[in-house]
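Here are the chains, one letter per residue:
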Amino acid sequence: MKEFSYQRALDISGAVALLDADPDARFLGGGTNLVDLMKTGVERPARLVDVRELPLDRIEVLQDGGLRIGATVTNSDLAAHPEVRRRYPALTQAVLAGASGQLRNMATVGGNLLQRTRCGYFADVTKPCNKREPGSGCPAVEGEHHNHAILGASAHCVATHPSDMGVALAAFDAVVSYETADGPGELPLAGFYLPVGDTPHRETALPPGALITGVTLPPAPVAAHSRYRKVRERASYAFAIGSIAAALDVKDGVVQDVRLAFGAVASRPWRARTAERALTGAPADAETFAAAADAELAAAEPLPHNGYKVTLMRNLVVAVLTELAEETAR
């Protein structure tokens, strides 16, 4: 591991100033991803700026009915919060589906959004990787890619984003707040992650040196009737091979409102807006759910060994929406 310095930030402006003065520095929250990457040599910061003690560890109920989640709130505290469980149950389920209890006790909301792909080629510094070294190539295209992207990828990168939490946040139109040396800013999660294109090393639209300070969930009555379902290769402590965050409102057998986001199929949490449009105002039945899934997945471009994900995601859409519709009808 490369030698590095460590400094604990005392306030938000001080944390931002430290990174502004040192482009090779990194913010440190729980460290559950960053420290691992430092051990393997993927990340080599000259300085770590510890932001864990900043006053960003609260979850607040907003007057409009939404929630404001501080960036240093731990995954465990987020999942256990009674208003998260009541207003956005799919978010609680998504967080609990990720990692282990010990890691959730350390990992933070801000860090979760910025975690890097678990692609084996990215993690192995002896292999080329366009995310790690732009222009070096993407061996996953011809190599091991059974758990790689089927949507929104490019010839330059076919890796997926590993976050469970991010999938639920994407379904509920979360907005990310940040602070820079030039002042505060906001990014809707829909625009937070950049398309892969030919620059897969540029993963987010955050300005250089920006510190995530929180995430806002706008009010969404439909979110109270939501679910997160994750499929993985073993029962626990594994990244998804496919996942879905879904919320559904049905009246008299017709879909009034719906939210859908997919995980483990793209370089970012994938908001299934084509499927949402197909479902809104349509009958709440398995045939409609399958047709909406097919419409969304028509854009899929699977690789030779991950085409199973198209069928998997179709089945997930039908199964989860059918469960939600049946619960509404009771």
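Computed from a prediction, not measured in an experiment: that's the story for all the values here. (Residues numbered from 1 in each chain as written. Predicted model: local features only at pLDDT ≥ 70, side-chain atom pairs only at ≥ 80, totals over all residues. Heavy atoms only, no water.)

A.B. asks: Any chance you could explain the sheet that holds strand 9 (residues 226–232) here in plain terms?
C.D. replies: What holds strands together in a sheet is hydrogen bonding between their backbones, with the strands either parallel or antiparallel. Ordered by their spatial adjacency, four strands build an open sheet running 9-10-11-12, and the pairing between neighbours is antiparallel. In the strand order of this sheet, the two ends are held by strand 9 and strand 12 (270–271), each with one partner. Two elements, strand 10 (residues 240–251) and strand 11 (residues 254–263), share nine bridges in a ladder whose sense is antiparallel. Paired with Ala247 across the bridge in strand 11 is Arg259. Helix-sheet contacts for helix 12 (residues 286–297) involve strand 10, strand 11 and strand 12, and the interaxial angle to strand 11 is about 45°. (Pairing = 2+ DSSP bridges. Helix = DSSP H or I, 4+ residues; strand = E, 2+ residues; numbered from the N terminus. Contact = heavy atoms within 4.5 Å. Axes fitted to C-alpha atoms, helices over the stretch in contact; angles between N-to-C directions.)

A.B. asks: For this particular structure, what's the right way to read the UniProt feature "domain: FAD-binding PCMH-type" (unreviewed entry) in the chain?
C.D. replies: Taking the numbering used here, the UniProt-annotated feature "domain: FAD-binding PCMH-type" (unreviewed entry) corresponds to residues 1–222. End C-alpha atoms of residues 1–222 are separated by 47 Å, and the span's content is 29% helix alongside 17% strand. (UniProt positions renumbered as here; feature names shortened; annotations may be inferred.)

A.B. asks: I keep staring at the side chain of Arg132 and nothing clicks. Help me out?
C.D. replies: Within the fold, Arg132 resides in the loop between helix 8 (120–123) and helix 9 (165–171). In this structure, Arg132 is buried with no salt-bridge partner, the nearest side chain bearing the opposite charge being Glu133 at 4.3 Å. At 3.2 Å, the side chain of Arg132 forms a polar contact with the backbone oxygen of Asp124. (Buried < 20%, exposed > 50% of the residue type's maximum accessible area, 1.4 Å probe, protein only. Lys, Arg positive; Asp, Glu negative; His and termini not counted. Salt bridge = Lys/Arg side-chain N within 4 Å of Asp/Glu carboxyl O. Polar contact = N/O pair within 3.5 Å; in protein donor to acceptor, adjacent residues only side chain to side chain.)

A.B. asks: Just checking my understanding: could you explain the nonpolar core for this structure?
C.D. replies: Soluble, globular proteins show a tendency: their nonpolar side chains are buried together. With 54 residues, the main nonpolar core has Val49, Leu78, Leu91, Leu169, Leu189, Phe192 and Leu217 as its most contacted residues. Sort the elements by how many residues they give to this core and helix 9 lands first, with six residues. When residues of this core are assigned to domains, at least three map to each of domain 1 (5–49) and domain 2 (222–329). Once residues within four sequence positions are removed from consideration, Leu91 is found in contact with Ile69, Leu78, Val84, Met165, Ala168, Leu169 and Leu217. (Core = buried A, V, L, I, M, F, W, Y, C linked by side-chain atoms within 4.5 Å. Domains from an automatic or database assignment.)

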